[in-house]
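# An overview of the molecular structure
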Amino acid sequence: MTDHSTYWPKSLAHLVEPYDDGVSDHVVIAEINDAPVIGNKGIKSVCTALVPLDQLDEVLSAPGGIGWEVRSWGPHPCVDEGQVYDTRFWVDGRKGREEKFQTIVNTWKHHNQEVLLPDNVMLMVYGLIPRYIGDGTVCWDDPQAPVYDVLRVRSHVDYGRRGMGQHPQISMRRDYLEDYCSLKSCAAVAVYYEERFSSADDTFDEILQGQEGEQFELPGRLLGMAVLKGEYYSAAPQFARVWGCRLMLRPKSRPITNAKDPELVWPGDTSPMTLHRASQTWVYGYVSDEVLREYESRPEFDVLPESGGVSYNGWWATSYSYRMGRNHIRIELKKLYEGCPPHVIAHWHKFAVAKQLAERDCKLNGDRNISVRAKDVIFAYLRITKFLEHLSDHLGAGFTQEEFGSFVTEKVKHFGWWTPSVVKPLTMVVSLSASRSEFLARATLLSKILENLKPAPVRSLAIQLGLERDKVKAFGSLKLLASICQLAVATREQGHMFPVDTHSVAPSWDPESRIAPFDRVFALQALRDHASHAPSAHHDNEVAALAKRFGIDVATTATGWGYAIDALYDRIAEDLNSIAGILTSK
């Protein structure tokens, strides 16, 4: 073999492939990793140099490559009197030249530890803000868009520990990396060192020709090979290492700095939609409400569940939206294109559907989406606590609605019924294909609404209505509420008026008497308990029996529990309204 320029030892042959496949949203811009590759043990270290575009081709083909590590005057540099300390980080250029390439990764070693960090200037350019993850990863987000995980950083390795543990790595969103490279008129070049141990590479003998070791200056890399002696290396004596550079990304545009509205064709249209086109005609887009999942679990977004609109801290908003049917949202495209950045428009477009599909949803399901159902539940609950307040006033107890149930109807209406932390999760999108675990999770969320009912004031009312303290002292809030309703029903059945005549009926109160609206309320509590149980045949049978109380046949849930969740909301709202009706003095 005479042409070594294309030669790679088998243990390093994976480096022939392009550094990046161009598919993933993220690109690794720095990494230290000791994981085996195709069974060959070793280690690799990667950083990124910014190489001016007009020098790129020459650098990538330079004999021996360029520097492979990030350098600096430190740590703990020796600086003579009168000497100015250079705070830069850089990657050495081509051999024999005074070249220093800028890097977007700052690294340093101290004893047996190494640190990798993204360059502060690059972070500043996009105004990135750190977010700390439990496993030690720091994610850098762009709050303006917002765009999450612009960079993901695991920054530290301690070589003194047995094994490397979590491998330090920095990855960056491709669009931001391209944008920054374009701003710098540079390409991102991966500079690396990698070594591998192997035993079955029959090309070693041919390349080394009897020598124990040799180095080769090849285009873009310096290759070293050796056959190691001794018992320690007997299992894998073939040692190959390479210092090199590979193209990571050549910028073509500035997708962040010069972001443009995407040219997207909406269902039912034939041409790409633009703000100009949308402004000239009254055009609607129709999307699945699954579009809201991106925003529902993040506190920085305000989701308006009744309209399906979203706003973000004054940066942007999807105004003029309207929920259709169970599963869809209609949005005015002019307002979408006027008020939202390109990536938000693209996100909504991902969930676009034909108008006919949204209209079919309306015919099949009416306009009872999850927001309508959640609103019914919370206002039915508020009716109960409001009537408890009226009952308290009648008895002179002086308890307020808030003391009974944590919320005040007027405040809830003023600030938005969906804003209390216990209510917001109830408004989140439920797909028709929802799982059984999601069904049980919604039962838990509905139960949490009822947990806001306070036992102490309800118990006080029960006692003032004539029930014996000892008989109700151990009851929880729902059982106490049921006891008051039992007393109310019995008083009326005996021809008396509630609540003025309860003391004449209280001695004959039957705590086991059935009040139909409470059947499903207590079944809901039981479903919540099952949410934390391990799956079993017995558990499945009990869930099926409880679901049947809500009119749900589990045999119909093979394609999803979405309609079952609808039934759960609807039946609980009905029963809470019925309970509120029992509490009225009429």
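The notes below deal with the structure included here. (Residues numbered from 1 in each chain as written. Predicted model: local features only at pLDDT ≥ 70, side-chain atom pairs only at ≥ 80, totals over all residues. Heavy atoms only, no water.)

## Here we look at the pattern of salt bridges
- Under the criterion given, the structure shown has 35 salt bridges.
- Note that Asp-86 is salt-bridged to Arg-88, the shortest N-O span being 2.8 Å.
- Judged by relative accessible area, which is 17%, Asp-86 ranks as buried.
- Lys-95 is the partner of Glu-217 in a salt bridge, and the nearest nitrogen-oxygen pair spans 2.8 Å. Here Glu-217, found in strand S14 (residues 213-218), pairs with Lys-95, found in the loop between strand S4 (90-92) and strand S5 (100-103); they are 122 residues apart in sequence, far enough to count as distant.
- For Lys-95, a relative accessible area of 67% corresponds to the exposed category.
- Each of Arg-326, Arg-368, Arg-373, Asp-376, Asp-566 and Asp-570 takes part in one network of salt bridges that share partners. (Salt bridge = Lys/Arg side-chain N within 4 Å of Asp/Glu carboxyl O. Buried < 20%, exposed > 50% of the residue type's maximum accessible area, 1.4 Å probe, protein only. Helix = DSSP H or I, 4+ residues; strand = E, 2+ residues; numbered from the N terminus.)

## Structural notes on the nonpolar core
- Judged by nonpolar contacts, the single largest core of 71 residues is most densely connected at Leu-388, Phe-439, Ile-484, Leu-527 and Leu-576.
- Sorting the residues of this core by element identifies helix H10 (370-395), helix H13 (436-450), helix H14 (455-464), helix H16 (477-493), helix H18 (517-530), helix H19 (537-548) and helix H20 (562-583) as the ones contributing at least two each.
- If one sorts the elements of this core by residue count, H20 sits on top with 12 residues.
- In this structure Leu-388 touches Phe-404, Leu-453, Val-458, Leu-461, Leu-481 and Leu-583, once residues within four positions along its chain are discounted.
- Counting 59 residues, the second largest nonpolar core, distinct from the first, contains Leu-151, Tyr-176, Cys-186 and Leu-218. (Core = buried A, V, L, I, M, F, W, Y, C linked by side-chain atoms within 4.5 Å. Contact = heavy atoms within 4.5 Å.)

## A few points about the environment of Asp-92
- As for its position among the elements, Asp-92 is in strand S4.
- Judged by its relative accessible area of 23%, Asp-92 falls in the partly exposed class.
- Taking C-alpha positions, Asp-92 is 27 Å from Ala-35, a pair spaced 57 residues apart along the chain.
- The contacts of Asp-92, once residues within four sequence positions are left out, are Ile-66, Gly-67, Arg-71, Glu-99 and Phe-101.
- Looking at Asp-92, its side chain comes within polar contact range of the side chain of Arg-71, at 2.8 Å.
- A polar atom in the side chain of Asp-92 sits 2.9 Å from the side chain of Trp-90. (Polar contact = N/O pair within 3.5 Å; in protein donor to acceptor, adjacent residues only side chain to side chain.)

## Remarks on the sheet that holds strand S20 (residues 316-317)
- Within the open sheet, the three strands sit side by side as S18-S19-S20. Their pairing is antiparallel. Two strands close off the open sheet at either side, each with one partner strand: strand S18 (301-304) and S20.
- As paired elements, S18 and strand S19 (residues 309-312) share four bridges and run antiparallel to each other. By the bridge assignment for S19, Val-303 is matched with Val-310. (Pairing = 2+ DSSP bridges.)

## Quick word on the sheet that holds strand S21 (residues 321-324)
- Reading across the sheet, the three strands line up as S17-S22-S21 and stay open at both edges, with antiparallel pairing between neighbours. Among the strands making up the open sheet, the edge pair consists of strand S17 (284-288) and S21. Strand after strand, the sheet turns through a mean of 25° between neighbouring axes, direction not considered.
- Examined bridge by bridge, S17 and strand S22 (residues 328-332) share five bridges and lie antiparallel to one another. Counterpart to Val-287 in the pairing with S22 is Ile-329.
- Where helix H9 (residues 355-365) meets the sheet, it contacts S17, S21 and S22, and its direction lies at approximately 55° from that of S21. (Axes fitted to C-alpha atoms, helices over the stretch in contact; angles between N-to-C directions.)

## Re helix H3 (residues 174-184)
- Taken across its 11 residues, H3 has eight buried, putting it largely inside the fold.
- Immediately downstream of H3, the backbone of Ser-185 shows phi near 55°, a positive value.

## A look at unusual backbone geometry
- Here the residue pair Gly-74 and Pro-75 is connected by a cis peptide bond, since its omega of 0° sits within 30 degrees of zero.
- Counting through the fold element by element, Pro-75 comes out in the loop between strand S3 (70-71) and S4.
- Note the cis peptide between Ala-145 and Pro-146, where omega equals -10°.
- With phi around 50°, His-76 is a residue other than glycine that occupies positive phi space.
- With respect to the secondary-structure elements, His-76 resides in the loop between S3 and S4.
- In this model, Tyr-320 sits at a positive phi of 55°, which is unusual for a non-glycine residue.
- Position of Tyr-320 among the secondary structure elements: in the loop between S20 and S21.

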